[in-house]
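Chain by chain, the residues:
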Amino acid sequence: MWRLGTFFHEMAYGLLSVFIPMYIVTSAALGGLGGSLFDLGLITALSVVFTIPAAYFWGWICDRIRRYKIFILLSFLSSAVILFLLTFSFAQNLAVFAALYILMSVLHIAHESPKNVLVAENYSHDQWGRAYAVYEGVTEIGLIIGLGIGFFTFSASISFGINAIHSFYVCSILSFIAFLLSLFFIADPLVNFERRLVGMENKLNFVNSGFQTLSKMWRGNMDISGFKQTRFLGFGLAILFFTLATSVFFTPLPVFFTDYLGLEPSLVFIVYVLCSVGATSGYFYVRNRAFGGNVKSRISRMILLRSLLVFLTVVVVSLSFNALALSGLMLIGLGFAFAVYSILMLCNSMALVPQGKTGIIDVLASLGTATGSFLGPFLAGVIGYLPAFLIASTLFLVAFVCIKLLS
């Protein structure tokens, strides 16, 4: 039941994920801010830059006081309030909008580490993958509904002259509902011990591998490959470059569909539904799979798949061969690959990162997102959309190399 809050929260942010980029670059005459691609990249990047220290702080403080519910409530309530403020006339200024949006981002990320910890502490280690998959699958369905709401909101703004800014009212209400549901249904764990047990298990497994290796060496077998300890360095760099590549590709994507492919703004929401459908299928695919075996290999395959799909998107658009339809299919695959990657990476990272430092995962993701959020629109404006997407594909390959060679 505690997932109901995040379900409504994702409905709001599903709508905003497409609405915000188009709102910033749409002319003032059509109800937007009249900004440029550079403005979009700068605002998005700054909002994420400010979340980097915030992400680490929220992860540290929630583990420090061992209270998680209060930070989730803070995230949802602050989003509701700030989204409501964005509807006022003073927020129609680009600088004021940017300031409020950055503030909302800093407070919004307060729920990320706590929700990861709640899943980790409420389920045994062998159930983490399935629990995270169910959580993300449910919230992804909420995101799909949010995209549908965005489609009808934009359609109404075109057909009946309703100002698209009313989307902020809708998102504010959804965030407040998320706050109320979380207030009643989320409870902090009575005792936090599951992550400690996982850390102890990893250390014991490493010691056991050491004794087995010594035993083999005593018998003349010099193979020490089984005595290699998994390092977070490779996984951390993979998170950084993966989110960097994702942001370079996805930040200018709504504008790409409207400006480059000539799609109606309301239909962009439907295109994004395809990506969420792929992600939802990925989450439930992971849920029904065993989590043993070589996790590193599985993660690297998903990263490689994302690189290939972005490259194929560039190819089909360049050739103008059913560009829109095939791009939609690529988005389904990109969503699926992201879902599988995110669950496997989150489970692995939560097991490697010590208690009290869970925010480092969000810090690395935010750093990549901030850089990519600026580079994506900037590169699209300077060298064009397709070359920018090729750079994103290359960055996915860099993430693949990091996890293969450095972890």
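Let us look at the structure shown here. (Residues numbered from 1 in each chain as written. Predicted model: local features only at pLDDT ≥ 70, side-chain atom pairs only at ≥ 80, totals over all residues. Heavy atoms only, no water.)

A word on the overall build of the protein
The line we're drawing: Helix numbering and strand numbering both begin at the N terminus, where a helix is a DSSP run of H or I of at least 4 residues and a strand a DSSP run of E of at least 2. Remark: exposure states derive from per-residue accessible area (1.4 Å probe, protein chains only) relative to the maximum for the residue type, with buried under 20%, exposed over 50%, and partly exposed in between. Any two residues whose heavy atoms approach within 4.5 Å are treated as being in contact. Areas reported here follow the Shrake-Rupley algorithm with a probe of radius 1.4 Å; residue values treat only the protein chains shown as occluding.
Helix and strand counts for the protein come out as 15 helices and zero strands. For the protein, with 407 residues in total, the buried portion stands at 54%. Relative to all contacts within the protein whose residues are 6 or more apart in sequence, the contacts with residues 24 or more apart total 84%. When the accessible surface of the protein is summed, it comes to about 17,400 Å², and 70% of that surface belongs to carbon and sulfur atoms.

Brief notes about empty space enclosed by the protein
Here is the rule we go by: For cavity detection a 1 Å grid was placed over the protein atoms alone, and a set of points counts as a cavity when a 1.4 Å probe fits there but cannot get out; an open set counts as a pocket when protein lies on both sides within 12 Å along at least five of seven lines, with lining residues being those that have an atom within 4 Å of a point. Grid points are joined across faces, edges and corners, and a volume is the space filled by probe spheres set on the points. Think of it as three bins: nonpolar holds Ala, Val, Leu, Ile, Met, Phe, Trp, Tyr, Cys and Pro, charged holds Asp, Glu, Lys and Arg, and polar takes everything else, Gly as well.
One pass over the full model with this rule turns up two cavities of 30 Å³ or more. Taken as a whole, the second largest cavity spans an internal volume of roughly 40 Å³. In terms of lining residues, the second largest cavity is bounded by Phe 249, Leu 253, Phe 257, Thr 313, Ser 327, Met 330, Leu 331 and Leu 334. At the level of elements, α10 (253-260) and α13 (323-352) are the ones that each hand at least two residues to the lining of the second largest cavity. With four residues, the single largest contributor to the lining of the second largest cavity is α13. The class makeup of the residues in the lining of the second largest cavity is six nonpolar, two polar and no charged.

Topic: the packing of aromatic side chains
Rules: Between 30 and 60 degrees the pair is tilted, below 30 it is stacked and above 60 it is edge-to-face, where a pair is any two Phe, Tyr or Trp rings, Trp via its six-membered ring, whose centres lie within 6.5 Å.
Enumeration over the complete set of coordinates arrives at 28 aromatic pairs. Taken together through their ring pairs, the aromatic side chains of Phe 249, Phe 250, Phe 256, Phe 257, Tyr 260, Tyr 385 and Phe 389 make up a single cluster.

Observations regarding the side chain of Ser 78
Short version of the rule: Contacts described as polar in this section are N or O atom pairs within 3.5 Å, which, within protein, must combine one atom able to donate a hydrogen with one able to accept it, while residues neighboring in sequence count only if both atoms come from side chains.
Examined against the element boundaries, Ser 78 turns out to sit in helix α3 (residues 69-85). Among the polar contacts made by the side chain of Ser 78, one reaches the main-chain carbonyl oxygen of Leu 74 at a distance of 2.8 Å.

Description of the environment of Ser 349
With respect to the secondary-structure elements, Ser 349 resides in helix α13. Each C-alpha atom of the pair Ser 349 and Phe 235 lies 7.5 Å from the other, and the pair is 114 residues apart in sequence.

Here we look at the side chain of His 9
Within the fold, His 9 resides in helix α1 (residues 3-25). Note on His 9: relative accessible area 1%, which makes it buried. Apart from residues lying up to four places away in sequence, His 9 is in contact with Phe 76, His 108, His 111 and Ala 178.

Description of the packing of α10 against helix α15 (residues 385-405)
When two helices pack together, their arrangement is given by the angle between their axes and by how far apart the axes lie. Which entries qualify depends on this criterion: Working convention: axes come from line fits to C-alpha atoms, limited for helices to the stretch in contact. Angles between N-to-C directions cover 0 to 180 degrees. Roughly parallel here means an angle under 35 degrees, roughly antiparallel means over 145, roughly perpendicular means 65 to 115, and every remaining angle is called oblique. Left-handed describes a crossing whose near helix is turned anticlockwise from the far helix by less than a right angle; the clockwise case is right-handed.
Contact geometry of α10 with α15 gives a least axis separation of 12 Å together with a crossing angle of 150 degrees. As the angle between them shows, α10 and α15 are arranged roughly antiparallel. In this structure, α10 meets α15 at a crossing whose hand is left-handed. On the side of α10, the interface is formed by Leu 253, Val 255, Phe 256, Asp 259 and Tyr 260, while α15 contributes Tyr 385, Leu 386 and Phe 389. In the contact of α10 with α15, the residues fall into seven nonpolar, no polar and one charged.

What to know about the environment of Ser 172
On the secondary structure map, Ser 172 appears in helix α7 (residues 166-185). Sequence separation between Ser 172 and Phe 76 is 96 residues, and the spatial gap between their C-alpha atoms is 9.4 Å.

Section: α7
Applicable threshold: To estimate the expected span of a helix, subtract one from its residue number and multiply by 1.5 Å.
Under the 1.5 Å per step criterion, the end-to-end length of α7 is 29 Å for 20 residues, consistent within 8% with the ideal 28 Å. Buried within α7 are the following residues: Ser 167, Phe 168, Cys 171, Ser 172, Leu 174, Ser 175, Ala 178, Phe 179, Leu 181 and Ser 182.

Section: the environment of Ser 320
Topologically, Ser 320 is positioned in the loop between α12 (295-319) and α13. Spatially, the C-alpha atom of Ser 320 lies 9.9 Å from that of Leu 261, the residues being 59 residues apart in sequence.

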